[in-house]
Number of protein chains: 2
Amino acid sequence: MTGKNQIGNQLKAAGTIKFRTFNPKLNTENDCIFTEASDGEINQALSLAQDAFGEFRAMSGERKGAFLDAIADEILALDDELIQVYMNESGLPEGRAKGERGRTIFQLRAFANLVCEGSWLEARIDTAVPDRTPIPKSDLRKMKIGIGPIVVFGASNFPLAYSTAGGDTASALAAGCPVIVKSHPMHAGTSELVARAVIKAAEKTGMPNGVFSNLNSRGIEVGTELVKHPIVKGVGFTGSIRGGRALFNLAAKRKEPIPVFAEMGSVNPVILMPEYLQNNTESIAKTYAGSITLGTGQFCTNPGLILGVKSDALSSFIEALGNEITEIDPMCMLHPTIATNFENGKIKLLEQKGIKLVNHSIKSSDPNHAQQGIATVDGGAFLLNSNLHEEVFGPFSLVVQCEDLDQLTHIIEELDGQLTGTILTENSELAANPALIRAMQDRVGRLIFNSVPTGVEVCPSMSHGGPYPASTDARFTAVGTDSIQRWVRPVSYQDWPNELLPDELKNENPLAISRKVNNADTRDAIS
Amino acid sequence: MTGKNQIGNQLKAAGTIKFRTFNPKLNTENDCIFTEASDGEINQALSLAQDAFGEFRAMSGERKGAFLDAIADEILALDDELIQVYMNESGLPEGRAKGERGRTIFQLRAFANLVCEGSWLEARIDTAVPDRTPIPKSDLRKMKIGIGPIVVFGASNFPLAYSTAGGDTASALAAGCPVIVKSHPMHAGTSELVARAVIKAAEKTGMPNGVFSNLNSRGIEVGTELVKHPIVKGVGFTGSIRGGRALFNLAAKRKEPIPVFAEMGSVNPVILMPEYLQNNTESIAKTYAGSITLGTGQFCTNPGLILGVKSDALSSFIEALGNEITEIDPMCMLHPTIATNFENGKIKLLEQKGIKLVNHSIKSSDPNHAQQGIATVDGGAFLLNSNLHEEVFGPFSLVVQCEDLDQLTHIIEELDGQLTGTILTENSELAANPALIRAMQDRVGRLIFNSVPTGVEVCPSMSHGGPYPASTDARFTAVGTDSIQRWVRPVSYQDWPNELLPDELKNENPLAISRKVNNADTRDAIS
């Protein structure tokens, strides 16, 4: 580990700002000293990215796929060194580190397959109609192309899967966009190792220098400079509403505004329908105690808000959930700052009118361990106080006791946008309450039936995003193969000579991709 | 004609601000007095739209398609009354009025077909894998749904096709989004008639009240209020960079930012490659004189910038183009303000260093007629002065005489984003200059070979948009069936009971739409 910035294929450290990462389990700083990227290094990285863009974008899906596959191989080759640094910088256990690495590899390979397969190009061809009246119709062919260099912000809570070579990076590279990572200061070492793997892969597969860079930063300055830079054409971010909105505002004020895909806060409401709750009180409590504390509650899909209708069953559930959550051993949070914010968030919430603490675990003597807990409040008090609608990032949930399903529906309507909404219900209860389903659907990106919101599949049918402030642009998913659509734009070729068209649009269809030709989906050549 | 606002299915005029439209050919105001929408009427229209949204969005494609088809029928039923009012309010000739009506009808029917056919839903299904290790895989199904009420701004230069029931409205309604039109003050009467047709169609096909409203406005206040309103979830606009950017900025500052699709200025560069120019000097001059003056130069794809390499052929072309353009009879502009802006724009351009007027038509004695013209400048002077890169809205083009193809390529690289880029070239010249093609592709949404940029086909392969400032979001087209994607977002259903899924995602595939099931495109049911 060098602590240097990866500027294209060179390691550099001309800057004067130095920092270290922190081991929350040992409550000490890690050894390596990182150097924040200097202005000159930021400019070099962007200039290299700009130079690389033309060549990289024009590469075939097969070559880009080989690059993505090679990144996956090189990350695996880092082996134990990566797992160890990941654990030292996050306080997360080995199983989680390996699981997240597996997901990262899976994502890279999924995008490698996607770019070879070609459906993401949305190729459309309408052939000429020379004898159309009153005027002839031209030949028109359209496909998606990458928009330009993309800045990816590493996420504190996913040092691998949502960071250096995570979903944003994999999808942007797949789209033919060079990537500049602003690594998260909490896991700069993990980022350096992964960046090394990406550069090795780039060199082995003959990618142009500048297709990838990794910049260290201690504070907000490097990220701010990147988002304002004219070479940058898009931004991927996973984190707090405050951080994501600040980047969105910066990007919107540019001379040329650029899209910012910020996946931000969410309380992920869970609705307990009366009959289902009655029939499954204990098992729901057990399952949700697990979901609330998974990854020390540091998942964006953490169920922070549970809503039910006042009843004996709901009272029993609340008691059971409080008990179950104290049965789970307290776990380490990612960083002392996050642990402190969690404690302060709980204190602030518990001071609000009408809030009652149900139960919480004993305070661990280990450093930075979260004291997980459950609180409850009446529906009426919840509606009156929007402070209660906000996320407490960590293993903590609020159970809202509603007067009836009408009040519950009204609460859903009053919530901000959410990544997910879960309903625990008998089929008959679901069928009988269309207004409730409609209200949920209006607020969320993913509706879940009788399960937990934690766990985000990487597949074509995933929607990870939702109305603001769950994300800054609900029209795109941040997870799954469709996330590539964030980084592309359509371009049409009118009456272009066949031999000079991109292969994707040639009559012969040499790549054998699926195309919409005169309104019909086909892989056939055009005769 | 009443001059009133269409607030859902009621006509209202509670406001105090009155105005008339203008007949630029007669140089007089038209008779009807319009009343600007009051704050109360704006709120009523939005509140009705919000109420209508849930029911409307959930309607089948067949029902929405019937509504769109009925709008087309009702617009045709307006017959001569519509054509007359259109001509009185725009100064455009009957042929153009009928052509634009035809295009509007075609757009409505294209979206009617699209919503029945269902490919726009991008339905994706990944079935469960209960025995997957380490954890089972859930059943996940995704489709696109409308985002909510949309505000459409009528465009000054297309009273029908880009206005009240134009492409933005047709695509938003197709997506299941209620539409509130802020009609353009220059053609409030045309808008009232079309709005009446939409409301008749809505009533005949049983659409909820509030699915459509049409608001009069004299200035910017109504539009500003609409864009800031929390009920509004998206905006469509065609017009100036100043206007579009102002709306974009308003939307970006909202608590919940919303997308603004502003299709704005463009000079639509045309490159004359040396050999092709040599072989076709006279015919290019003739064709382009026609393209530059089409619709009195008031098309967003008007070719405002023509670039060639200094040569005898280029000199001959410039002279010929100057002559050809004076052979065409001067035509009326849309409004005295636009005619004045055109004159002022030309004067400002001709004052710039190095600019030479080639030729212009004689000043017509008819009111508001444009004095069309051609100017020229050296490549070096053009590069030094960004004032020369700006659009003069009207029948006027600047021919840039470059030192060589390197300078020409460099000029393309320095241009702002554009809707279109045209290359007039022999195939061999095109093949020999990949850097030039790449530079053009980076700046435009549509590349055109040996033709003119004017004329925008409505079809799946059209990309009408481009890097900023051609549009505020280059990732979407404003014309063609894919423009529906501006108004939708994905929603996923996880483990949802089959009988309670939307028809689009049910196992049986009752709508027989094309879906991606476990990564394969199919119309089959899931067994």
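Residues numbered from 1 in each chain as written. Chains lettered and ligands numbered in written order. Predicted model: local features only at pLDDT ≥ 70, side-chain atom pairs only at ≥ 80, totals over all residues.

Undergrad: Honestly, the relation of the copies chain B and chain A in this entry has me stumped. Any pointers?
TA: Turning one copy of the chain about an axis and sliding it along that axis gives the other copy, so a rotation and a shift relate them. Taken as rigid bodies, chain B and chain A are interconverted by a rotation of 180° and an axial shift of 0.0 Å, the fit giving an RMSD of 0.0 Å. When the rotation and shift are considered jointly, the pair of chain copies conforms to a two-fold rotation axis. Residue B:Ala252, judged by its C-alpha, is the member of chain B lying nearest the rotation axis, at 3.2 Å. By residue overlap, the copies meet face to face through one surface: 100% of the interface positions of chain B are interface positions in chain A. (Least-squares fit on C-alpha atoms with pLDDT ≥ 70 in both. Contact = placed C-beta atoms within 7 Å.)

Undergrad: Explanation requested: the domain arrangement of chain A in the structure shown.
TA: Bring the parts together and some accessible area is lost; that lost area is often taken as the interface size. Residue and element names in this part refer to chain A. What the domain assignment lists for chain A is domain 1 (5-15 + 28-264 + 476-486) and domain 2 (270-449). The C-alpha-based centres of domain 1 and domain 2 are spaced at 34 Å. With eight residues of domain 1 in contact, the opposing surface of domain 2 contributes ten residues. By residue class, the composition of the side of domain 1 that touches domain 2 is one nonpolar, five polar and two charged. (Domains from an automatic or database assignment. Nonpolar A, V, L, I, M, F, W, Y, C, P; charged D, E, K, R; others polar.)

Undergrad: Please explain the interface of chain B and chain A as it appears in this structure.
TA: Listed by partner, the interface residues are 52 residues for chain B and 52 residues for chain A. Those elements that provide at least two residues to the side of chain B that touches chain A are strand 7 (124-126), strand 8 (140-146), helix 7 (241-253), helix 13 (427-431), helix 14 (434-443), strand 20 (444-449) and strand 21 (488-494) of chain B. Take the side of chain B that touches chain A: its biggest share by element is seven residues, from strand 21 of chain B. Considering only residue class, the side of chain B that touches chain A consists of 23 nonpolar, 15 polar and 14 charged. (Helix = DSSP H or I, 4+ residues; strand = E, 2+ residues; numbered from the N terminus.)

Undergrad: What's the story with the nonpolar core in this structure? I'm lost.
TA: A general trend in soluble globular proteins is that nonpolar side chains are found buried together. Counting residues in each nonpolar core, the largest one holds 298 residues, and the members touching the most others are A:Ile71, A:Leu272, B:Ile71 and B:Leu272. If we skip the residues at most four places from it in the chain, A:Leu272 touches A:Leu277, A:Ile284, A:Ile306, A:Leu307, A:Gly308, A:Leu314, A:Phe317 and A:Leu424. (Core = buried A, V, L, I, M, F, W, Y, C linked by C-beta atoms within 7 Å. Buried ≥ 20, exposed ≤ 12 C-beta atoms within 10 Å, placed from the backbone.)

Undergrad: I tried to follow the environment of B:Ala289 on my own but got confused; where do I start?
TA: Residue and element names in this part refer to chain B. The topology assignment puts alanine 289 in helix 8 (residues 274-293). Taking the C-beta count within 10 Å as the criterion, alanine 289 has 23 such neighbours and is therefore assigned buried. Along the primary structure alanine 289 and proline 303 are separated by 14 residues, whereas in three dimensions their C-alpha atoms are 9.8 Å apart.

Undergrad: Looking at this structure, how should I read unusual backbone geometry?
TA: Note on backbone geometry: most residues besides glycine have negative phi, and most peptide bonds are trans. Residue and element names in this part refer to chain A. Cis geometry marks the peptide bond from threonine 133 to proline 134, where omega comes out at 0°. Relative to the helices and strands, proline 134 resides in the loop between strand 7 (124-126) and strand 8 (140-146). Although it is not a glycine, asparagine 268 adopts a positive phi angle of roughly 50°. The residue asparagine 268 is located in the loop between strand 13 (260-263) and strand 14 (270-272) in this model. Note on asparagine 268: 29 C-beta atoms within 10 Å, which makes it buried.

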